[in-house]
Amino acid sequence: MTSMLKSRMVVDKSFRIAEVDSRVYGSFIEHLGRAVYGGIYEPSHPTADADGFRGDVKELLKQLNVPIIRYPGGNFVSGYNWEDGVGPVDQRPKRLDLAWRTVEPNEVGTNEFIKWASGIGSEVMMAVNLGTRGIDAARNLLEYCNHPGGTYWSDLRSKHGVKEPHRIKTWCLGNEMDGPWQIGHKTAEEYGRLALETAKVMRQVDPSIELVSCGSSHTAMPTFPQWEAETLDHTYEAVDYISLHQYYGNRDNDTANYLARSMDMDHFIHTVTSTCDYIKAKKRSKKTMMLSFDEWNVWYHSNDADTKLDPWTIAPPQLEDVYNFEDALLVGSMLLTMIRHADRVKMACLAQLVNVIAPIMTENGGRAWKQTIFYPYLHASQYGRGVSLMPVVDSPVYDAQDYTDVPYLDSAVVYNEESEELTIFALNRHLEEGMELECDVRSFEGYKVTQHLVLEHEDLKAVNTAAEEKVKPHAQGDAICQDGKVTAHLSKASWNVIRLSK
């Protein structure tokens, strides 16, 4: 049956937004639940390497090609003494982690994590504790990590078996400091002053680093966006990025409304950008503040289960959302939103990477597998590198409970000039009808469709398990390119990746 839904796009190579910074496809590992212990690290696992890290997990992560990983938190960092995680493992203390009411054994710390990340080709985005600690601990950690040698902290790193400095480039000044749940919660004035003074000292230790200032914990905070304005009043010239955090859920089981939530993300980015630009104007600055969306995902499935866990255990199964097909669609849509904002969103971290609200799940001692959200993240990371182009879109729209004029077609386009490849990402939000897409690509003369990947499933609630991967992409899409025009059928509720090359 021919669908009545029709959408059109014009893609021109001169409609450039900006180069996509590959760090937009970053992720996050916090000392939380089974992200570290039982996730990336399990010395007794059959696939474990000499350092105790799981080989099966490493192989899945290499597919994702994650450029940067934020560490060690998250809420965890606001009560973390980094010195507990270095030196001989058998001499490290076990500590109460007040953020997640667990016990932290400190078997994995700074050096182990950085070595592991390097093994999967990732840089580390290191967070410093501005909750219970401050300037002193931050400068000492930076000296330990980045100073070549001949000083107390850099020589201690050598003594711990790491002669060469880690040269960590990107540093977060605390985490969600406007959240009342945060250990060492601060007002905007308190945080702004502390972040500025910490930034000044860290830059004296290593002038080559980049710094990320804390934005609001999420858009519903009563402090948003006043927090951004007040804190940037202090830190604007001292930092390079401000952070954004946002999670979405489908608690009322209204899928049409749920799939429109990326519009809220779009609005969030616009609001933060305009707040940054207001401070730029106020300070008559020549610098443009960039954005680090360093926590984002779907998170709601595990909330009830988490209330039933016993406190003060090591690596309990916390925040283990089992993702379904509709979650994968929203994750795809969130990725498209960030690609379209490539001019300002320069880093982002899918939170998190393994077990904890993650694309990869593991069994302790057993298998590792891909959740549904693995695939849009994989496709964006693989094919979303190059220049983000601004497509001119004509799509039918719908009204949802919280959003009006929601386009059924959600899209982003990336042009990789070097490899002469063009990728059209297209999401059909319609839950009952397919869509005929017509895309004008005349400026890409001689380009042909090489692949049309589709992620679709009859059941919006279908999930993947260790035993069966129900939701996975196929390459049977029907996109073709003739006379400078791409035509494709987008199935109902589907994620599509249409790849062209010269």
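Rules and cut-offs
- Residues numbered from 1 in each chain as written.
- Predicted model: local features only at pLDDT ≥ 70, side-chain atom pairs only at ≥ 80, totals over all residues.
- Heavy atoms only, no water.
- Helix = DSSP H or I, 4+ residues; strand = E, 2+ residues; numbered from the N terminus.
- Buried < 20%, exposed > 50% of the residue type's maximum accessible area, 1.4 Å probe, protein only.
- Lys, Arg positive; Asp, Glu negative; His and termini not counted.
- Salt bridge = Lys/Arg side-chain N within 4 Å of Asp/Glu carboxyl O.
- Contact = heavy atoms within 4.5 Å.
- Pairing = 2+ DSSP bridges.
- Axes fitted to C-alpha atoms, helices over the stretch in contact; angles between N-to-C directions.
- Patch = residues over 30% accessible without salt bridge, like charges linked within 9 Å, V, L, I, M, F, W, Y side chains within 5 Å.
- Areas by Shrake-Rupley, 256 points an atom, 1.4 Å probe, with all protein chains shown as cover.
- Parallel < 35°, antiparallel > 145°, perpendicular 65-115°, else oblique.
- Left-handed = near helix turned anticlockwise from the far one by under 90°.
- Nonpolar A, V, L, I, M, F, W, Y, C, P; charged D, E, K, R; others polar.
- Phe/Tyr/Trp six-rings, centres within 6.5 Å; stacked < 30°, edge-to-face > 60°.
- Core = buried A, V, L, I, M, F, W, Y, C linked by side-chain atoms within 4.5 Å.
- Expected span 1.5 Å × (residues − 1).

Quick question: what am I supposed to make of the side chain of lysine 370 here?
Inspection of the secondary structure assignment puts lysine 370 in strand E14 (residues 368-370). Within the buried set, lysine 370 has no salt-bridge partner at all; the shortest N-O distance to an opposite charge, 5.1 Å, is to glutamate 469. With sequence-adjacent residues up to four places away left out, lysine 370 is seen in contact with Leu60, Gln63, Pro359, Tyr375, Asn464 and Glu469.

When you look at the sheet that holds strand E24 (residues 485-490) in this model, what are you seeing that I'm missing?
Two modes of strand pairing occur in sheets, parallel and antiparallel, and in both the strands are linked by backbone hydrogen bonds. Pairing is mixed across the open sheet formed by five strands, whose spatial order is E16-E1-E21-E24-E23. Across the chains shown, the open sheet's two edge strands, defined by having one partner strand only, are strand E16 (392-394) and strand E23 (480-482). Direction aside, the axes of adjacent strands within the sheet are offset by 20 degrees on average.

Please explain a nonpolar patch on the surface as it appears in this structure.
Residues Val10, Phe15, Met390 and Val392 make up a contiguous nonpolar surface patch of roughly 310 Å² in combined accessible area. Relative to the helices and strands, valine 392 is located in strand E16. Judged by its relative accessible area of 47%, valine 392 is partly exposed.

I would appreciate a short explanation of the environment of glycine 26 in the present structure.
As for its position among the elements, glycine 26 is in strand E3 (residues 26-28). The spatial distance from the C-alpha of glycine 26 to the C-alpha of valine 103 is 27 Å, given a sequence separation of 77 residues.

What am I meant to see in the pairing of strand E21 (residues 435-440) here?
If a strand is regular, its side chains alternate between the two faces of the sheet. Bridging between strand E1 (residues 5-10) and E21 involves six bridges; their strand directions are parallel. Residue pairing across strands places valine 10 opposite aspartate 440, the latter belonging to E21. Bridging between E21 and E24 involves six bridges; their strand directions are antiparallel. Bridged to cysteine 439 within E24 is valine 486.

Just checking my understanding: could you explain the environment of leucine 64 for this structure?
Structurally, leucine 64 can be placed in helix H1 (residues 55-64). Residue classification places leucine 64 among the buried positions, given a relative accessible area of 0%. The residues touching leucine 64, leaving out its near neighbours within four places in the chain, are Leu353, Ile360, Phe374, Tyr377, Leu378 and Ser381.

What is the right way to read the pattern of salt bridges from this model?
Note that side chains of opposite charge can pair when their charged atoms are close. Per the stated rule, a full pass over the model turns up 31 salt bridges. Residue glutamate 417 is joined to arginine 16 by a salt bridge in which the shortest nitrogen-to-oxygen separation is 3.7 Å. With glutamate 417 in the loop between strand E19 (409-416) and strand E20 (421-428) and arginine 16 in strand E2 (residues 16-19), the pair connects residues that are 401 residues apart, well separated along the chain. Judged by relative accessible area, glutamate 417 falls into the partly exposed class, the value being 47%. Its salt-bridge partner being arginine 54, residue aspartate 56 comes within 2.8 Å of it at the nearest N-O pair. By relative accessible area, which is 19% here, aspartate 56 ends up buried. Put simply, Arg8, Glu438 and Lys485 are held in one network by salt bridges that share partners.

What exactly am I supposed to notice about the packing of helix H10 (residues 325-340) against helix H11 (residues 374-383) here?
The geometry of a pair of packed helices is captured by two quantities: the angle between their axes and the separation between those axes. At their nearest, the axes of H10 and H11 sit 8 Å apart, and the two run at 25 degrees to each other. When the axis of H10 is compared with that of H11, the two are roughly parallel. As H10 packs across H11, the resulting crossing turns out to be right-handed. Between H10 and H11, the residues in contact are Ala328, Val331, Gly332 and Leu335 and Pro376, Tyr377 and Ala380, respectively. Residue composition of the contact of H10 with H11, by class: six nonpolar, one polar and no charged.

In this structure, what is going on with the packing of aromatic side chains? I would like to understand it.
What describes a pair of aromatic rings is the distance from one ring centre to the other and the angle between the planes of the rings. Taken as a whole and assessed by the stated rule, the structure comprises 19 aromatic pairs. Considering the side-chain rings of tyrosine 191 and tryptophan 227, the 5.6 Å spacing of their centres and the 25 degrees angle between planes classify their relative orientation as stacked. Note that tyrosine 191 is positioned in helix H5 (residues 188-205) and tryptophan 227 in helix H6 (residues 226-235), a separation of 36 residues in sequence. A relative accessible area of 2% means that tryptophan 227 is categorised as buried.

Would you mind showing me how to read unusual backbone geometry here?
Comment: phi is negative for the bulk of residues other than glycine, and the bulk of peptide bonds are trans. Between phenylalanine 224 and the following residue, proline 225, the backbone shows a cis peptide bond with an omega angle of -5 degrees. Its location among the elements puts proline 225 in the loop between strand E9 (210-213) and H6. The omega angle of the peptide bond from alanine 351 to glutamine 352 is -5 degrees, so this bond is cis rather than trans. One can find glutamine 352 in the loop between strand E12 (345-351) and strand E13 (360-362). Positive phi outside glycine occurs at asparagine 106, with the angle close to 60 degrees. Relative to the helices and strands, asparagine 106 resides in the loop between strand E6 (102-104) and helix H2 (110-119). On the accessibility criterion, asparagine 106 (1% relative accessible area) is buried. Even without being a glycine, alanine 315 presents a positive backbone phi close to 50 degrees. For alanine 315, a relative accessible area of 19% translates into the label buried.

Please explain the packing of helix H3 (residues 135-146) against H5 as it appears in this structure.
In the contact formed by H3 and H5, the axes pass within 9 Å of each other and the chain directions differ by 25 degrees. Compared by their axis directions, H3 and H5 come out roughly parallel. Seen along the crossing, H3 lies across H5 with a hand that is right-handed. Contact residues: H3 offers Ile135, Ala138, Arg139, Leu142 and Glu143, while H5 offers Leu194, Glu197, Thr198, Val201, Met202 and Val205. A class-by-class count of the residues in the contact of H3 with H5 yields seven nonpolar, one polar and three charged.

Before we go on, may I ask you to explain the nonpolar core in this structure?
Taken as a class, soluble globular proteins show a tendency for nonpolar side chains to be buried jointly. The biggest cluster of nonpolar side chains holds 164 residues, and the ones touching the most others in it are Phe113, Trp116, Trp171, Leu173, Phe293, Trp296 and Leu422. The element that contributes the greatest number of residues to this core is H10, accounting for ten residues. In this structure phenylalanine 113 touches Ile29, Ile40, Ile69, Tyr71, Val108 and Val124, once residues within four positions along its chain are discounted.

Hey, could you run me through H3 in this one?
Along its twelve residues, H3 runs 16 Å from first to last C-alpha, staying within 8% of the 16 Å computed at 1.5 Å per residue. Of all twelve residues making up H3, nine are buried, and the element is well covered by its neighbours. Looking at the buried residues of H3, the elements they touch are H2, strand E7 (123-128), helix H4 (152-159), strand E8 (170-173) and H5.

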